[in-house]
Amino acid sequence: IDASFAGMVPDGKYDNTADHINIINYADKEGIDISYGSGIYYHVGIVEKKASFSCPNLIGCGGGRTNKGTILKFSNNSFMKIKGGSGVLCSTNISGIHFSGDGNNNGILIIADQCGLSIDRCVFSNCHIGIRMINESSKGFSEFNVLDKCVFSSSCSTGISYERDK
């Protein structure tokens with residue numbers, strides 16, 4: 001399903017937060033992939049995939065250049081959170097997306113209790129932490145998540161962190 005189907009607009013101005021939440025949860029429920037066109041998808045709030053044992057594939061059209069490809073821009077310290085169900089490998093691919101923050105984001109992409117994500121050819125910029133993998137629930141765990149050919153720009157203080165919430 002194309003992100004524009006949910007009303008997402010890659011103009012760098014429109015707040016895509018609500019539309020993004022709707023499409024990511026719809027795609028997860030229906031078991032379909034989300035594809036994003038080229039442009040800046042601006043967000044001022046947190047985009048969270050609800051807890052489940054699955055996750056839709058998120059397919060961008062590249063993000064290697066500063067203003068080209070699929071850019072998910074998160075301001076106001078917002079982020080994308082993939083909440084899992086823990087214990088089941090979801091075999092999901094997140095590829096070709098540039099995740100960009102406002103400089104203070106403590107994790108632009110947060111993986112909480114989700115296993116089996118493959119993050120491929122993504123770019124992370126302008127953030128405190130690029131990816132946070134968190135064992136969030138008391139018996140939850142984030143395992144078997146793989147990053148391949150990802151780029152963390154010098155504007156990221158920390159590329160990846162792995163932690164347990166107490």
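This section reports on the structure supplied with the text. (Residues numbered from 1 in each chain as written. Predicted model: local features only at pLDDT ≥ 70, side-chain atom pairs only at ≥ 80, totals over all residues. Heavy atoms only, no water.)

This part covers the environment of aspartate 113. The residue aspartate 113 is located in the loop between β10 (106-112) and β11 (115-120) in this model. Between the alpha carbons of aspartate 113 and aspartate 33 there is a distance of 21 Å; along the sequence they are 80 residues apart. Within polar-contact distance, the side chain of aspartate 113 engages the side chain of lysine 83 at 2.7 Å. Of the polar contacts made by the side chain of aspartate 113, one reaches the backbone nitrogen of glutamate 136; its length is 2.8 Å. (Helix = DSSP H or I, 4+ residues; strand = E, 2+ residues; numbered from the N terminus. Polar contact = N/O pair within 3.5 Å; in protein donor to acceptor, adjacent residues only side chain to side chain.)

Here the focus is the sheet that holds β11. Pairing within the open sheet is parallel, and its 5 strands lie in the order β2-β5-β8-β11-β14. Each end of this open sheet is capped by a strand with a single partner; those strands are β2 (34-35) and β14 (146-148). (Pairing = 2+ DSSP bridges.)

In the structure shown here, the tally under the stated rule is 7 salt bridges. One salt bridge in this structure joins lysine 49 and aspartate 28, with 4.0 Å as the shortest N-O distance. Placement of lysine 49 in strand β4 (residues 47-49) and of aspartate 28 in helix α1 (residues 17-30) is noted, with a sequence separation of 21 residues between them. Among the charged side chains, a salt-bridge network with shared partners connects Lys81, Lys83, Asp113 and Glu136. (Salt bridge = Lys/Arg side-chain N within 4 Å of Asp/Glu carboxyl O.)

A separate point is the nonpolar core. Core analysis: the largest hydrophobic core is formed by 31 residues, its most contacted members being Tyr36, Met80, Phe99, Leu109, Ile119 and Phe124. Elements represented by at least two residues in this core include exactly α1, β6 (70-74), β7 (80-83), β8 (89-95), β9 (97-100), β10, β11 and β13 (127-135). Not counting residues within four places of it along the chain, the set of residues in contact with tyrosine 36 comprises Ala3, Met8, His20, Tyr41, Leu58, Ile59, Gly60, Cys61, Thr70, Leu72 and Ile97. (Core = buried A, V, L, I, M, F, W, Y, C linked by side-chain atoms within 4.5 Å. Buried < 20%, exposed > 50% of the residue type's maximum accessible area, 1.4 Å probe, protein only. Contact = heavy atoms within 4.5 Å.)

Attention now moves to the pairing of β13. Most of β13 is tucked away, with 8 of its 9 residues classed as buried. As paired elements, β10 and β13 share 5 bridges and run parallel to each other. The residue of β13 that forms the bridge with leucine 109 is isoleucine 131. In the sheet, β13 pairs with strand β16 (residues 156-164) via 7 bridges, with the strands oriented parallel.

Take unusual backbone geometry next. Of note, the phi angle at asparagine 76 is positive, near 55°, even though the residue is not glycine. Residue placement: asparagine 76 occurs in the loop between β6 and β7. Taking relative accessible area as the criterion, asparagine 76 reaches 57% and is therefore assigned exposed. The phi dihedral of lysine 149 falls on the positive side, at around 55°, and the residue is not glycine. By the element assignment, lysine 149 lies in the loop between β14 and β15 (151-152).

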